[in-house]
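Structural overview
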Number of protein chains: 2
Amino acid sequence: MAATLRDVALAAGVSIKTVSNVINDYEHIRADTKRRVLEAITELGYSPNLSARSLRSGRTGVIGLAVPELKLSYFAELADSIIKAAERRGLKVLIEQTGGDRAHELEILASPRLQLTDGLLFSPLGMSNEDAHYLTVGFPLVLLGERIFGGPTDHVTMSNVESARAATAHLVARGRRRIAVVGGHLDEVIGSAGLRLRGYRQALEEAGIPFDPALVGYTTLWHRSNGATTMRELLASGVGFDAVFGMNDTLALGAMRVLQEAGRRIPDDVAVIGFDDLDEGRYSLPTLSTIDPGRDEIADTAVRVLQERISGRKGDMPPRAFEARFQVIERESSALAG
Amino acid sequence: MAATLRDVALAAGVSIKTVSNVINDYEHIRADTKRRVLEAITELGYSPNLSARSLRSGRTGVIGLAVPELKLSYFAELADSIIKAAERRGLKVLIEQTGGDRAHELEILASPRLQLTDGLLFSPLGMSNEDAHYLTVGFPLVLLGERIFGGPTDHVTMSNVESARAATAHLVARGRRRIAVVGGHLDEVIGSAGLRLRGYRQALEEAGIPFDPALVGYTTLWHRSNGATTMRELLASGVGFDAVFGMNDTLALGAMRVLQEAGRRIPDDVAVIGFDDLDEGRYSLPTLSTIDPGRDEIADTAVRVLQERISGRKGDMPPRAFEARFQVIERESSALAG
DNA sequence: AAGTGATTCTACAACGTTGTAGGAAACGGT
DNA sequence: ACCGTTTCCTACAACGTTGTAGAATCACTT
């Protein structure tokens, strides 16, 4: 049913290869021939068979994106940015959900299904640094996020430590000294939680505020409910605090809700800042101060770097690491009390 | 580098086709031969080249999903459900973002890029019923949502009218009589807004409550900010109301925020219900009553129907329409005032 | 012992594209 | 008029897979 090069060639009275050459902008073609071919193409409504092209060339023009879950706003917004970045470079995106499950993540790295894509942007959650060797795979791979460092692949991430330090410093600058944390991961050193906690402690140190372990609320997942639960625990513990640093916006929003239920005024009694700059924080009550982690820059860099690896021009370069620029965004939840 | 059928055939001492037969579970193969082939396959780490397979068979095992924007939580959760439904059926999902732009939507319908997929799940936003003829395309297409009815394709949707009626009836049952609407579209008849408004009016009629046009807040987009703006306009208009039906959760959350800023207590002064059952509504303050539109059922049906069309078994069936079952979910925002 | 049908396997062609090699015509300089 | 170079185009092969047709073997039946 669909027209092929053969049909177009027949209609234009040239060889198949000439049509192919016209399509691929080969330079030595007579203007007249080109015109005839193009006419035939539009007439027949020809469009290249991408399977055949990909079989021949080894490229599909599709990249994979593996994230834990699109339901989590952070990854939805990340996917959004990445699809847009890919589109700018003429690539399509095939999305896989790992559920944050280590076994599922390893499976995706080993899966032959990925032959349909030229490379993979991979945001692991269940895997840890010890699994880094699984990242040595036979296809171009770019790592997103901070579960694994020093792996064999390119790595694009946000400035977790510095931006968490800036977020904490922001609260300190607002006069807060007892800054609770929502979303720590026990015994984690790398990983978003570990890094952001490090930034938090650095900021405290710079401000000469002693670190109080009782102020750190731990959790496993970073869903809304975890933010709520952790905040309930903090309140129940009786520890005093005048500010909260949510390890991400979702946690912060969950925590805010519990704070408000408990009758604490935000920001008057407790100032809150989150992390991620999700759309939601712009319309919460109060609006949520946050860290803009440079998602568009991350997406753009990741796609660019992956494309470089795919094209092979930099195939033999050692793995590189990229950190996006961040920004503190002040909204109502941490505004100076009026 | 990657092993092919040829390599496996050589290693196992059989013909290429026999290997192919083993892979495709052809029944007449001696157990011994099968074993040898399978051994060779694992030894060489062979996995089929999907481009070649797809060129030969015309199938890629990938379906496309075109939505306005993943940034919008509704579509993120829809995509999440669809990826999971597709995975259950052995399909991968390639996601395109239209931005809700009509031109972009038409382009995707006409795009040759879709050759990489076996079919498309399409959730139009910019297109209207008059564009229905553009849906006559050369590939399997299943429509999601309610911009277009009676088109030439299968159609999977939620029960907009009935569920909106149920949402409104829910507010009526809580004793509310002045029910404002946030998110109407001017002059729209079909489309989510038009249908949900119809359900709203039906419920009023059944309850013997006259319809008051002043209670309907119109907007163009269904983002958080639109909910906020529309609610501000309603408040400014001075019209009295004791309940709000948000055409979706996002609008309802935006409206709730403005109501709270204005000092209205929810649900005591104003009861609020939304539509979509987004995760967000579960952790807002107060938690948001809503309609669960049966997203998983929609996703599952849509993928199943698309797969049926792809397989061609039902290729000549007339277009079918499916409506998912809905459910009213009562949360704090519309609980009986204590 | 021959015929019938099922079983097991193979050779070949084809899917639609692009790379390679090379031929014919046109051009430029002597 | 000749040679070398550039321009324009074509024929062929190959990417890795699967469908078709058919050959060879086996198991039964008569």
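Residues numbered from 1 in each chain as written. Chains lettered and ligands numbered in written order. Predicted model: local features only at pLDDT ≥ 70, side-chain atom pairs only at ≥ 80, totals over all residues.

Further remarks concern the interface of chain A and chain B. Each partner contributes to the interface: chain A provides 43 residues, whereas chain B provides 43 residues. Listed by contribution, the elements that provide at least two residues to the side of chain A that touches chain B are α4 (50-57), α5 (73-88), β2 (92-97), α9 (224-237) and α10 (249-261) of chain A. When the residues that make up the side of chain A that touches chain B are grouped by side-chain class, the tally is 19 nonpolar, 11 polar and 13 charged. Relative to strand β2 (residues 92-97) of chain B, β2 of chain A is paired through three bridges, and the arrangement is antiparallel. From the neighbouring strand, Val93 of chain A faces β2 of chain B, where its bridge partner is Ile95 of chain B. (Contact = placed C-beta atoms within 7 Å. Helix = DSSP H or I, 4+ residues; strand = E, 2+ residues; numbered from the N terminus. Nonpolar A, V, L, I, M, F, W, Y, C, P; charged D, E, K, R; others polar. Pairing = 2+ DSSP bridges.)

With that out of the way, let us pick up the domain arrangement of chain A. Structurally, chain A comprises domain 1 (1-22 + 31-38), domain 2 (62-159 + 295-325) and domain 3 (160-292). Centre-to-centre separation of domain 1 of chain A and domain 3 of chain A, based on C-alpha positions: 63 Å. (Domains from an automatic or database assignment.)

The local shell around DNA strand D holds 25 residues, among which Ser15, Thr18 and Thr33 of chain A together with Leu5 and Asn49 of chain B are the closest. When contributions to the surface near DNA strand D are tallied by element, the ones reaching two or more residues are α2 (16-23) and α4 of chain A together with α2 (16-23) and α4 (50-57) of chain B. With five residues, the top contributor of residues to the surface near DNA strand D is α4 of chain B. Each residue belonging to the surface near DNA strand D can be placed in one class, and the counts come to nine nonpolar, 10 polar and six charged. (Near = placed C-beta within 6 Å.)

Our next topic: unusual backbone geometry. For the bond from Ile266 of chain A to Pro267 of chain A, the omega torsion is 10°, close enough to zero to count as cis. Topologically, Pro267 of chain A is positioned in the loop between α10 and β9 (271-273). The amide bond that connects Leu285 of chain A to the next residue, Pro286 of chain A, takes the cis arrangement and shows omega of -10°. Within the secondary structure, Pro286 of chain A sits in the loop between β9 and β10 (290-292). For Asp276 of chain A, which is not glycine, the phi torsion reads 135° and is therefore positive. If you trace the backbone, Asp276 of chain A turns up in the loop between β9 and β10. Although it is not a glycine, Asp187 of chain B adopts a positive phi angle of roughly 65°. Within the element layout of this structure, Asp187 of chain B appears in the loop between β6 (179-184) and α8 (192-207). Residue class for Asp187 of chain B comes out exposed when judged on the 7 C-beta atoms lying within 10 Å of it. (Buried ≥ 20, exposed ≤ 12 C-beta atoms within 10 Å, placed from the backbone.)

If you rotate chain A by 180° and push it 0.1 Å along the axis, it lands on chain B with an RMSD of 0.2 Å. The symmetry that links the two subunits is that of a two-fold axis. Identified as the residue of chain A closest to the rotation axis by C-alpha distance is Leu94 of chain A, at 2.1 Å. Interface overlap between copies is the fraction of interface residues in one copy that are interface residues in the other; for chain A against chain B it reaches 98%, indicating a shared surface. (Least-squares fit on C-alpha atoms with pLDDT ≥ 70 in both.)

The strand order β11(A)-β5(A)-β4(A)-β3(A)-β1(A)-β2(A)-β2(B)-β1(B)-β3(B)-β4(B)-β5(B)-β11(B) describes an open sheet built from 12 strands, whose pairing is mixed. Whereas interior strands pair on both sides, the edge strands pair on one side only; in this sheet they are β11 (321-324) of chain A together with β11 (321-324) of chain B. Each adjacent strand pair in this sheet contributes to an overall mean axis angle of 25°, direction not counted. In the packing of helix α11 (residues 295-311) of chain A onto the sheet, contacts are made with β1 (62-67), β3 (119-122), β4 (141-144), β5 (154-158) and β11 of chain A, and the angle to β5 of chain A comes to roughly 175°. (Axes fitted to C-alpha atoms, helices over the stretch in contact; angles between N-to-C directions.)

It is worth spelling out the pairing of β5 of chain A at this point. Residue and element names in this part refer to chain A. A large share of β5 lies buried, amounting to five of its five residues. Bridging between β4 and β5 involves three bridges; their strand directions are parallel. Looking across to β5, one finds that Val142 is bridged to Asp154. As paired elements, β5 and β11 share four bridges and run parallel to each other. When the sheet's bridge partners are listed, Val156 is paired in β11 with Phe322.

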